[in-house]
Amino acid sequence: MNARSEPNPILSVRNLRTVFETGDGLVEAVRGVSFDLRHKDVLGIVGESGSGKTVTSMSILRLLPPNGFIAGGEIIFDGSDLVKMGTRVLRRVRGNRIAMVFQDPMTSLNPLMPIGKQVGEMIAEHRRDMSASAVKAEVLRLLKLVSIPEPDVRYNSYPHEFSGGMRQRVTIAMAIACEPDILIADEPTTALDVTIQEQILILLGGLRDRLDMSVMFITHDLGVVAELCTRVIVMYGGLIMEEGSTADVFERPMHPYTAGLLASVPNLASDKGQKLSSISGSPPDMTHPPTGCPYSPRCGHARNLCGAYVPPMFDADGERKSSCWLLASEAPFEDNPFKRGGRDV
Ligand SMILES: Nc1ncnc2c1ncn2[C@@H]1O[C@H](COP(=O)(O)OP(=O)(O)OP(=O)(O)O)[C@@H](O)[C@H]1O
Ligand SMILES: [Mg+2]
C-alpha cells in the first residue's frame with residue numbers, strides 16, 4: 001500500500017515515551033508525545049534546548065544511543081508500528097521511506113570517499129537493479145537538483161573540499177536519493193551562516209513540492225518555522241505544549257510558553273508591537289522534572305494546580321491543541337488571555 005495515496009496521516013506518533021539510563025537514574029526525555037504528520041506538511045518542532053526534539057525524531061527511526069529506549073507508545077507509519085518492527089524491515093524503512101538530515105553534515109559523510117561515490121552508494125544500496133552508469137547519471141541529477149555547481153567536476157571532490165553549505169547539500173542529496181515519503185531534518189542549518197541557511201531552506205521547501213515529501217523540521221529558530229512550516233509543535237520538558245497551523249499558533253498562541261518564545265524573537269515580536277523579552281529561568285533538569293506542568297516554575301500565570309498536575313491536552317477546534325490549565329473551561333483564573341473555549345481530549 002502506498003502511503004502517499006492515503007488521506008490519513010503519513011505518520012502517527014501516539015503517547016511516545018523515551019527513556020535514558022544514566023548514572024543519575026532514569027531520564028524520561030520524551031514523556032508521552034502524540035502528533036500526526038500529514039502528507040506534504042512541513043511540520044516544525046520547536047522548543048528550547050533539552051525539550052526532547054531530537055530524542056523524538058531519533059525515536060521515530062529507533063536511532064537512539066545504547067542507553068536510550070522507547071518505554072511506551074506507538075509510531076504508526078504506512079499501517080505498521082515502527083516501535084515493534086523487526087530490525088531488518090526497519091532498515092528498509094530508514095533511508096528508503098524515511099530519511100534524515102542532521103545538523104553537522106560531517107556526521108553523515110565519509111571523509112575518505114569522493115562525494116559522488118557516496119551519493120552513488122546510497123542509491124545502489126536501495127536500487128540494486130541499476131547499472132553503474134545509471135547510478136552515476138542519477139548522482140549527477142541529484143547533485144544538480146540540490147544546486148551543486150558543476151556536478152560532473154564536483155563528483156570527484158572529497159567532503160573537506162566543500163564549504164559547510166555545500167556539504168549540507170550533499171547530505172540532502174543522499175537523503176532524497178530514494179525519494180523518501182518523509183524527510184526529518186534536525187537543525188540542518190544551525191551550523192551555517194545566515195545567507196547559506198536561507199538558501200538551504202529554499203532548497204528544502206522546493207524539494208518538498210517536487211518530490212511530494214512530508215517534512216519534519218526541528219529547529220530553535222521560530223523565524224525559520226514562520227517561513228517554511230505549515231504546522232508547528234512546541235515542545236518543553238519532554239511534552240508537547242501546543243500544536244497547530246503555524247499562522248494560527250504564531251498569531252494567537254494558546255500557551256504561555258509559546259507566547260514567551262515568540263516575544264523573544266525580534267522580527268516576530270516587533271511585527272506585533274510586542275516588547276522583546278526573554279523567558280526568565282531555565283528549562284527543567286530532566287533527571288528530576290517538576291511534578292505538574294514542566295513550565296509552571298517559569299510561568300507568570302501558574303497557580304497551585306499547575307505545579308501539582310500535568311494538564312491534559314485541550315483540543316480547541318480539532319486543529320489546535322494546547323496543554324495548559326488556562327484552557328480548562330472551569331479554570332479558576334481571572335485575566336486569562338489564552339482561553340479559547342478549549343475542550344479536554
Ligand atoms: N544519550 C543521552 N543520555 C541521557 N540523557 C539524554 C541523552 N540524550 C538526550 N538526553 C536528554 O534528553 C533530553 C532531551 O534531549 P534532546 O536532545 O531531545 O533535546 P533537544 O530538544 O533536541 O535540544 P537541542 O535544541 O539542544 O538540540 C535532555 O534533557 C537530554 O539531557
Ligand atoms: Mg536537538
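These figures come from a predicted structure and were not determined experimentally. (Residues numbered from 1 in each chain as written. Chains lettered and ligands numbered in written order. Predicted model: local features only at pLDDT ≥ 70, side-chain atom pairs only at ≥ 80, totals over all residues. Heavy atoms only, no water.)

With 57 residues, the main nonpolar core has Ile-172, Ile-176, Leu-207 and Phe-217 as its most contacted residues. If you count residues domain by domain, this core takes at least three from each of domain 1 (13-97 + 178-344) and domain 2 (98-177). Counting 34 residues, the second largest nonpolar core, distinct from the first, contains Phe-35, Ile-45, Leu-64 and Ile-182. (Core = buried A, V, L, I, M, F, W, Y, C linked by side-chain atoms within 4.5 Å. Buried < 20%, exposed > 50% of the residue type's maximum accessible area, 1.4 Å probe, protein only. Domains from an automatic or database assignment.)

Looking at where Asp-81 falls in the secondary structure, it is placed in strand 5 (residues 80-81). Exposure remark for Asp-81: the relative accessible area of 13% places this residue in the buried category. Ignoring anything within four residues of it in the chain, the contact list for Asp-81 reads Gly-73, Glu-74, Ile-75 and Ile-76. (Helix = DSSP H or I, 4+ residues; strand = E, 2+ residues; numbered from the N terminus. Contact = heavy atoms within 4.5 Å.)

Let us now look at the site of ligand 1. Ser-49, Lys-53, Thr-54, Val-55 and His-220 are the nearest of the 16 residues found near ligand 1. The contact in question runs from an oxygen atom of ligand 1 to an N or O atom on the backbone of Ser-51, over 3.2 Å. In this structure, an oxygen atom belonging to ligand 1 sits 2.8 Å away from a main-chain N or O atom of Val-55. In the complex, the protein chains occlude 69% of the 630 Å² of accessible area that ligand 1 would expose alone. When contributions to the shell around ligand 1 are tallied by element, the ones reaching two or more residues are strand 1 (11-22) and helix 1 (53-60). Among the elements that take part in the shell around ligand 1, helix 1 stands out by supplying three residues, more than any other. (Near = heavy atom within 4 Å. Polar contact = N/O pair within 3.5 Å; in protein donor to acceptor, adjacent residues only side chain to side chain. Areas by Shrake-Rupley, 256 points an atom, 1.4 Å probe, with all protein chains shown as cover.)

The end-to-end C-alpha separation of helix 6 (residues 164-176) is 18 Å, in line with the 18 Å expected for 13 residues at 1.5 Å each. Most of helix 6 is tucked away: 11 of the 13 residues are buried. At its buried positions, helix 6 is contacted by strand 6 (98-101), helix 3 (115-126), helix 4 (132-145), strand 7 (182-186) and helix 7 (194-211). (Expected span 1.5 Å × (residues − 1).)

Turning our attention to the pairing of strand 7. Of all five residues making up strand 7, five are buried, and the element is well covered by its neighbours. With burial as the criterion, each face of strand 7 is covered, one bearing Ile-182, Ile-184 and Asp-186 and the other bearing Leu-183 and Ala-185. Here strand 6 runs beside strand 7; their pairing, made up of four bridges, is parallel. The residue bridging Ile-98 from the neighbouring strand is Ile-182, located in strand 7. Note that strand 7 and strand 8 (residues 214-218) share five bridges and pair parallel. The residue of strand 8 that forms the bridge with Ala-185 is Phe-217. Viewed along the sheet, the connection from strand 7 through helix 7 into strand 8 turns out right-handed. (Pairing = 2+ DSSP bridges. Right-handed = clockwise from strand over helix to strand, strands pointing away.)

Once that is clear, we can look at the confidence of the model for the protein. Residues with a pLDDT of 70 or more make up 91% of the protein, whose mean pLDDT is 89. The secondary structure element of the protein with the lowest average pLDDT is strand 13 (residues 343-344), at 55, and the one with the highest is strand 4 (residues 68-77), at 98. Considering only residues more than four positions removed or in separate chains, one finds that residues 1-6, a stretch of pLDDT under 50, has 13 contacts. (pLDDT = per-residue confidence, 0-100.)

The final tally for this structure, using the stated rule, is 15 salt bridges. A salt bridge links Arg-320 to Glu-242, with the nearest nitrogen and oxygen atoms 2.1 Å apart. Residue Arg-320 is located in the loop between strand 11 (314-315) and strand 12 (321-322), and its partner Glu-242 is located in strand 10 (residues 239-245); the two are separated by 78 residues in the primary sequence. Judged by relative accessible area, which is 0%, Arg-320 ranks as buried. When salt bridges with common partners are traced through the structure, they connect Arg-38, Asp-41, Arg-231, Glu-243 and Glu-319 into a single cluster. (Salt bridge = Lys/Arg side-chain N within 4 Å of Asp/Glu carboxyl O.)

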